[in-house]
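Residue-level listing of the chains:
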Amino acid sequence: MSDWGEGKIKPNYVHSPIFVQEILDSVLTDTDQFFLDCTLGEGGHSEAVLNKFQNIQVTGLDRDVEILKVAQSRLSVFDNRFTGVNCNFTEASKIHSKSNDGYFDAALIDLGISVYHYKKSRRGFSFADTDKLDMRLDHLGISAHEIVNTYSESELTEIFYQYGEERFSKLIVRAICKQREKAEIDSAKDLADLVVQAIPKKFQKGKTHPATKIFQALRIKANNEFENIYQGIPEVLSVLKSKGRLGVITFHSLEDRIVKKIFQKMNKDCICPPQFPQCVCNHKKEVNLIGKAFKPREAEVNKNPSARSAKLRIVEKI
């Protein structure tokens, strides 16, 4: 059991951004002037961009007002070269660059969750968090607490299987429903302990906490993460200039599958079923795929263990 956890985090830990060099080399160019960081987090990617490209201006979006303040403080040394905006990247079409046409040269969407949320937000992201289970990034919508304590047995089973691919979903849900009859499952620690008790001991080996997939599923549901990907990617592309590049970082196979599918569809002139004799969809190719998906280097995984399954996919707008 001692192997479980989310890494040894120093008190003043700053999240280690992934794929920094790939973004600097393959998403941006030396002539770019306006960059849109769609998921700012603690500002690591934006800081790297501002440091390398001395003439670039960065607009950073984040739906979490608390972490936005953290990033704004970190990036304040760049003065008016950085602008922070509190919004979801699904609202990117409302954001304009300071260029004459209002478009951006390049953009990045990082779908990961910052260490800030696990260690400092006190919203139930961490297995050991004794604060109330929440997991929302912007305090909107339905909290993980409400999902766990009010959703039906069948609804919970579907969420855990669909968003977490948890093989013991039914066992875990039965344990949750049984506990709810006695008292609410109030904190993240309460839920994590319950999952540990529900899963057979022989399947609890390894460095990954037994509740990892359950917490992933709840976070995805509470924040509408998959819906945001489907809505957000076209939104971000709509504010890019022609030949502007978009990079998207995913951290698990479920969301990477969605991003890959979206990009493949956008890379086609026709999306009609193969059996159709002629095209009737009138779909037009929107992007070019840039190379294969990048995978993290060993040094990056050592600094940021949650990045071991990460991928970076890049497209160029037509």
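The structure displayed is predicted, hence computed values, not measured ones. (Residues numbered from 1 in each chain as written. Predicted model: local features only at pLDDT ≥ 70, side-chain atom pairs only at ≥ 80, totals over all residues. Heavy atoms only, no water.)

A. Structural view of the packing of helix H8 (residues 188–198) against helix H9 (residues 212–222). At a minimum axis distance of 10 Å, the contact between H8 and H9 shows a crossing angle of 135°. Our classification of the angle between H8 and H9 gives oblique. Residues Ala188, Leu191, Ala192 and Val195 of H8 form the contact with H9, whose participating residues are Ile214, Phe215 and Leu218. Grouping the constituent residues of the contact of H8 with H9 by class yields 7 nonpolar, no polar and no charged. (Axes fitted to C-alpha atoms, helices over the stretch in contact; angles between N-to-C directions. Helix = DSSP H or I, 4+ residues; strand = E, 2+ residues; numbered from the N terminus. Parallel < 35°, antiparallel > 145°, perpendicular 65-115°, else oblique. Contact = heavy atoms within 4.5 Å. Nonpolar A, V, L, I, M, F, W, Y, C, P; charged D, E, K, R; others polar.)

B. Up close: the packing of aromatic side chains. The full count for this structure, using the stated rule, is 3 aromatic pairs. Note on Tyr163 and Phe226: the rings are 5.3 Å apart at their centroids and 80° apart in plane angle, and the pair reads as edge-to-face. On the criterion of sequence distance, the pair formed by Tyr163 in helix H6 (residues 153–164) and Phe226 in helix H10 (residues 225–238) is long-range, its members being 63 residues apart. For the pair Tyr163 and Phe226, one class covers both residues: buried. On the basis of an interplanar angle of 50° and a centroid distance of 5.1 Å, the ring pair of Phe168 and Phe203 is categorised as tilted. With a gap of 35 residues between them, Phe168 in the loop between H6 and helix H7 (169–180) and Phe203 in the loop between H8 and H9 connect regions that are remote in the sequence. For Phe203, a relative accessible area of 37% gives the class partly exposed. (Phe/Tyr/Trp six-rings, centres within 6.5 Å; stacked < 30°, edge-to-face > 60°. Buried < 20%, exposed > 50% of the residue type's maximum accessible area, 1.4 Å probe, protein only.)

C. Quick look at the pairing of strand S7 (residues 311–317). Across the 7 residues of S7, 6 count as buried, placing the element largely inside the fold. Bridging between strand S5 (residues 240–250) and S7 involves 6 bridges; their strand directions are antiparallel. Within S7, the position partnered with Gly247 by the bridge is Ile314. Of the pairings in the sheet, the one linking strand S6 (residues 287–289) to S7 comprises 3 bridges and is antiparallel in character. Bridge pairing links Leu289 to Val315 in S7. (Pairing = 2+ DSSP bridges.)

By themselves, these figures tell us nothing about what the structure is for.
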